[in-house]
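# Overview (structure and organization)
Listed below are the residues making up each chain.
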Amino acid sequence: MLPLFDMMMQAQNGAAMDAVSKQFNLAQEQATKAMAALMPAFSASLKRSSSNPYDFMGLMQAVASGNYAKYFEDMGKAFTPQGIDDGNTILGQLFGSKEVSRAVAAQAAQMTGIGQEIYKQMLPVMADTLMGGLFKQSMGQMNAPVNPSINTAMGETIQKWLESTGFAPKQKAAPEPTIFDNPFTQAMQQ
């Protein structure tokens, strides 16, 4: 799977930075810094979600719905009231509360000097777009080839779940990765 930042750079056919900079009245460099400042929080929350089966199932259901692909293809849709609502739903699943989302926005603002209010508006848009990107990657619809040797455990798990639900065609069998660090789920997996 592509790193999250690289995946975001492919959103809207590579015009994600233009969309973000225009929507939030930022220079391209500022938009890039803003997006990069949020990626560690999204990455950490995706990893945390993948370690909890209940959180993971909710996230996979959202990804598998395919509804988020439209936000990845056209970020303008992520700026609509429906897009913001969908993004806030994903933020709730990823971060657990509005307080955590606000803390992420505050930390990113402190790192970049870009206003916290901009980050509060940007977070749901980024969540929508990331979910759409994860869906497109798992369906093999990304521009860059997905190299199985660099797939993340999350990406491989998404793919397997989509295959088991019939949302994606089965890929060639590869050695079974250790998906979770949790010994209980490793035992269940074996």
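What counts, and at which threshold
Residues numbered from 1 in each chain as written. Predicted model: local features only at pLDDT ≥ 70, side-chain atom pairs only at ≥ 80, totals over all residues. Heavy atoms only, no water. Salt bridge = Lys/Arg side-chain N within 4 Å of Asp/Glu carboxyl O. Helix = DSSP H or I, 4+ residues; strand = E, 2+ residues; numbered from the N terminus. Buried < 20%, exposed > 50% of the residue type's maximum accessible area, 1.4 Å probe, protein only. Contact = heavy atoms within 4.5 Å. Lys, Arg positive; Asp, Glu negative; His and termini not counted.

## Let's talk about the pattern of salt bridges
Here the structure, examined in full by the defined rule, presents 3 salt bridges. Residue lysine 33 pairs with glutamate 29 through a salt bridge whose shortest N-O separation is 3.6 Å. Remark: glutamate 29 and lysine 33 occur in helix 4 (residues 28–51); sequence separation between them is 4 residues, near one turn of the helix. By relative accessible area, lysine 33 is classed as partly exposed at 44%. Note on glutamate 29: relative accessible area 57%, which makes it exposed.

## Overview of the side chain of serine 45
Counting through the fold element by element, serine 45 comes out in helix 4. Not counting residues within four places of it along the chain, the set of residues in contact with serine 45 comprises Leu94 and Phe95.

## Digging into the side chain of aspartate 128
Within the fold, aspartate 128 resides in helix 10 (residues 116–138). Buried charged residue aspartate 128 carries no salt bridge. Nearest counter-charge: lysine 70, at 8.5 Å. Excluding residues that lie within four positions of it along the chain, aspartate 128 makes contacts with Tyr68, Tyr71, Ala78, Gly83, Ile84, Asp86 and Gly87.

## Some details on unusual backbone geometry
Within the chain, asparagine 25 stands out as a residue other than glycine whose phi angle is a positive 55°. Position of asparagine 25 relative to the elements: it lies in the loop between helix 3 (16–23) and helix 4.

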